Amino acid sequence: MRRIVVATLIAEPLGGPLDRESPIPIFAQIRARLEDAIASGTLEPHQRIPSERQLSEHFGVSRMTVRQALDAMTRDRLLYSHAGRGTFISDRKIIEQPLQHLTSFTQDILGRGMRPSSRLLDGRIVRASFEIARLFGLAPTIEIVRLTRLRLADDEPLAIETAHIPSPYVPGLLDRDLAAESLYAVLNREYGLSLSGARQTIEAAAPTPEETAILAMDTPQPVLKISRLTFDANDRVVEYVRSVYRGDRYHLTVELR
Ligand code: 16G
């Protein structure tokens, strides 16, 4: 009886026989079947996949071929294993940020049906460096509110953001609960700053050990370093943000017409 249940479980999400005439190697076809089952939600995050033996019987291939597919998927972090307990589907929620519109983290995450939250890592008033004062077109004597927050989606760390805003634009900003509130909502509601556009620069980078730890990555994954200069309705620079986003969770999309 139990054997039948297992067989049904495998057969449904993974489909029928492989195409042995195809130029696509067998191990790659097995991987594609598993990836399709993940993409369609038939195999869910943290669900255990069938064992190597079950997969090799199902597809009629050697265990070595199955292992080749599973090893490649584990290296690419689509799967993870627990010694003695099996191999599981990774939880890889991908957040797509379209680049056409100026949005806040809170709006982006809510728009995807997830729950945004933040942890305040640091918040203080600092003297602007020469470089930062220049970005705002202000004298280097200017004081800056510097706010570093860990941003989470459904309680999973996604990004570290350090925002810089000239202090005179936002008196008392640090007294607000910026772990609980959207910065953009506060800027708009409390300081009448209506943000109208931004210039963003994106680069791929390796995370520092500290960033790896804060972003809760088991092993260092590439990150996206994003800098944003945000303008108000009068084209005045009001915010400069340096962010580190998990590259495996955050994708940026652009529509080309
Ligand atoms: C976005 C912005 C960030 C801004 C934040 C405000 C990027 C790369 N960054 O995450 O510059 O400070 O939104 O979010 O898009 P909040 O209003 O939810 O606090």
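See the structure shown above.
Criteria and cut-off values
- Residues numbered from 1 in each chain as written.
- Predicted model: local features only at pLDDT ≥ 70, side-chain atom pairs only at ≥ 80, totals over all residues.
- Heavy atoms only, no water.
- Phe/Tyr/Trp six-rings, centres within 6.5 Å; stacked < 30°, edge-to-face > 60°.
- Buried < 20%, exposed > 50% of the residue type's maximum accessible area, 1.4 Å probe, protein only.
- 1 Å grid on protein atoms, 1.4 Å probe; cavity = no way out; pocket = protein on both sides within 12 Å on 5 of 7 lines; lining within 4 Å.
- Points joined across faces, edges and corners; volume = space filled by probe spheres on them.
- Helix = DSSP H or I, 4+ residues; strand = E, 2+ residues; numbered from the N terminus.
- Nonpolar A, V, L, I, M, F, W, Y, C, P; charged D, E, K, R; others polar.
- Near = heavy atom within 4 Å.
- Polar contact = N/O pair within 3.5 Å; in protein donor to acceptor, adjacent residues only side chain to side chain.
- Sits in = over half its atoms within 2 Å of the grid points.
- Core = buried A, V, L, I, M, F, W, Y, C linked by side-chain atoms within 4.5 Å.
- Contact = heavy atoms within 4.5 Å.
- Pairing = 2+ DSSP bridges.
- Axes fitted to C-alpha atoms, helices over the stretch in contact; angles between N-to-C directions.
- Parallel < 35°, antiparallel > 145°, perpendicular 65-115°, else oblique.
- Left-handed = near helix turned anticlockwise from the far one by under 90°.

A. Molecular detail of the packing of aromatic side chains. The full count for this structure, using the stated rule, is two aromatic pairs. Taken together, a centroid distance of 5.5 Å and an interplanar angle of 20° make the contact between Tyr 80 and Phe 88 stacked. Its relative accessible area of 26% is what places Tyr 80 among the partly exposed residues. Looking at Phe 88, the relative accessible area reads 9%, which means it is buried. Measuring from ring centre to ring centre gives 4.0 Å for Tyr 245 and Tyr 250, while their planes differ by 35°; the resulting arrangement is tilted. Owing to a relative accessible area of 3%, Tyr 250 belongs among the buried residues under this scheme.

B. Here's a closer look at the layout of surface pockets. Within this model, the second largest pocket holds a volume of roughly 340 Å³. Lining the second largest pocket we find 15 residues, and of these Arg 77, Asp 91, Asp 218, Arg 246 and Arg 249 sit closest to its centre. Elements represented by at least two residues in the lining of the second largest pocket include exactly β1 (79-82) and β6 (156-166). Residues that form the lining of the second largest pocket fall into these classes: five nonpolar, two polar and eight charged.

C. Layout of the site of the ligand. Around the ligand, the surrounding shell holds 16 residues, and the nearest of these are Thr 106, Glu 161, Ser 182, Arg 228 and Glu 239. One of the side-chain nitrogen or oxygen atoms of Ser 182 is found 2.6 Å away from an oxygen atom of the ligand. Cavity membership is defined here by more than half of the atoms lying within 2 Å of grid points; on that basis the ligand lies in the largest cavity. With three residues, the single largest contributor to the shell around the ligand is strand β9 (residues 237-246). Partitioning the shell around the ligand into residue classes produces six nonpolar, five polar and five charged.

D. Layout of the nonpolar core. Judged by nonpolar contacts, the single largest core of 18 residues is most densely connected at Ile 30, Leu 34, Ile 49, Leu 55, Phe 59, Val 61 and Leu 70. Not counting residues up to four positions away in its chain, the partners in contact with Val 61 are Leu 18, Arg 20, Ile 26, Ile 30, Ser 56 and Val 66. With 16 residues, the next largest nonpolar core counts Ala 163, Leu 178, Val 186 and Val 241 among its residues.

E. Region of interest: the pairing of β1. Judged from the four bridges that link them, β1 and strand β2 (residues 86-89) form a sheet pairing that is antiparallel. Along β2, the bridge assignment pairs His 82 with Gly 86. In textbook terms, the turn of a hairpin is the stretch between consecutive antiparallel strands, and for β1 and β2 this stretch comprises three residues, one of which, Gly 84, has a positive phi near 80°.

F. The arrangement of the packing of helix α2 (residues 26-39) against helix α4 (residues 63-75) in detail. Put simply, α2 and α4 touch, their axes get as near as 8 Å, and they point 50° apart. Of the possible angle classes, the one that applies to α2 and α4 is oblique. Considering only the axes of α2 and α4, their crossing is right-handed. On α4, the residues that touch Ile 26, Phe 27, Ile 30, Arg 31, Leu 34, Glu 35 and Ile 38 of α2 are Thr 65, Val 66, Gln 68, Ala 69, Leu 70, Ala 72 and Met 73. A class-by-class count of the residues in the contact of α2 with α4 yields ten nonpolar, two polar and two charged.

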